[in-house]
Amino acid sequence: MSFLDGILSQVTSNVDIKNLAAKVGISPEQAEAAVAALAKAHPEPGNTVDSAAASTGLDSGILSQIVGHIGGEGALGQFASMLGGAGDAEGGGIMDKLGGLAGGLFGGGKS
C-alpha cells in the first residue's frame, strides 16, 4: 500500500489508504482497489464513479466519498496522470496492473 500512499501524498495531504478506508468504512484492501479503479476510470469516457463501482462492486456512494476525501475530480485527475505515466518493459502500465488488482480483489480480474 505504500506505493499508492506515496502518490496520494503528492496529490493531497493527510490522506493515506488505511485512514481513507476507516473514514468510509471499508477494508484497506478495498480502499486500495477503489482508488486504483477510480484512477483507471477517470480518463475513460463515462462516469468515473459508476465505472469504478462496476469494476469493484463497491457502492457508488462509498466511491463518491473516496473522491471527496482525496480532493475531488481535480485531484483524482492528477493522481490518474501520475499513475498513467509509468509503464514497464513488458508493455503493461501501472494502470493495467492496478486494474487487475481491483478485479482480482472483487472476483473480476483479467484473464
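Residues numbered from 1 in each chain as written. Predicted model: local features only at pLDDT ≥ 70, side-chain atom pairs only at ≥ 80, totals over all residues. Heavy atoms only, no water.

Sorry, what's going on with the packing of helix H4 (residues 48-56) against helix H5 (residues 60-69) here?
Helix-helix packing is described using two parameters, namely the angle between the two axes and the distance between the axes. Between H4 and H5, the least distance of the axes is 9 Å, while the angle of their chain directions is 125°. If you check the angle between H4 and H5, you find them oblique. Viewed along their axes, H4 and H5 form a crossing whose handedness is right-handed. Contacts between H4 and H5 involve Val49, Asp50, Ala52, Ala53 and Thr56 on the former and, on the latter, Ser60, Leu63, Ser64 and Val67. (Axes fitted to C-alpha atoms, helices over the stretch in contact; angles between N-to-C directions. Helix = DSSP H or I, 4+ residues; strand = E, 2+ residues; numbered from the N terminus. Parallel < 35°, antiparallel > 145°, perpendicular 65-115°, else oblique. Left-handed = near helix turned anticlockwise from the far one by under 90°. Contact = heavy atoms within 4.5 Å.)

In this structure, what is going on with H4? I would like to understand it.
For an α-helix, 3.6 residues make a turn, and residues three or four places apart therefore share a direction. Buried residues of H4: Thr48, Val49, Ala52, Ala53 and Thr56, and no others. Each buried residue of H4 lies within a common arc of 130° when the element is viewed along its axis, so the set occupies one face. For H4, the side-chain oxygen to backbone nitrogen distance between the N-cap and Val49 is 2.9 Å, and the N-cap itself is Asn47. One or two residues past the end of H4 sits Gly57, with phi positive at roughly 85°. (Buried < 20%, exposed > 50% of the residue type's maximum accessible area, 1.4 Å probe, protein only. Arc of directions from axis to C-beta. Polar contact = N/O pair within 3.5 Å; in protein donor to acceptor, adjacent residues only side chain to side chain.)

Whenever I open this one, the side chain of Thr56 confuses me. Can you help?
Relative to the assigned elements, Thr56 resides in helix H4. Of the polar contacts made by the side chain of Thr56, one reaches the backbone oxygen of Ala52; its length is 2.9 Å. For Thr56, the side chain forms a polar contact with the main-chain nitrogen of Leu58, separated by 3.1 Å.

So what exactly am I meant to see when it comes to the nonpolar core here?
Taken as a class, soluble globular proteins show a tendency for nonpolar side chains to be buried jointly. With 24 residues, the main nonpolar core has Ile26, Val35, Leu38, Leu63, Ile66, Leu76 and Phe79 as its most contacted residues. For this core, the secondary structure elements donating two or more residues are helix H2 (17-24), helix H3 (28-41), H4, H5 and helix H6 (72-84). Ranked by residues supplied to this core, first place goes to H3 with six residues. Contacts of Leu38, omitting those with residues within four sequence positions, involve Thr48, Val49, Ala52, Leu63, Ile66, Val67 and Leu76. (Core = buried A, V, L, I, M, F, W, Y, C linked by side-chain atoms within 4.5 Å.)

What is the right way to read the environment of Ser55 from this model?
Counting through the fold element by element, Ser55 comes out in helix H4. Note: C-alpha distance between Ser55 and Ala37 (18 residues apart in sequence) is 7.0 Å. Looking at Ser55, its side chain comes within polar contact range of the main-chain oxygen of Ala52, at 3.1 Å.

It is not clear to me how H3 should be interpreted in this structure. Could you clarify?
End to end, H3 covers 20 Å across 14 residues, agreeing with the expected 20 Å (1.5 Å per residue, within 8%). For H3, a buried count of 10 out of 14 residues is recorded, marking the element as mostly surrounded by other parts of the structure. When H3 is considered as a whole, its buried residues turn out to be Ala31, Glu32, Ala33, Ala34, Val35, Ala36, Ala37, Leu38, Ala39 and Ala41. (Expected span 1.5 Å × (residues − 1).)

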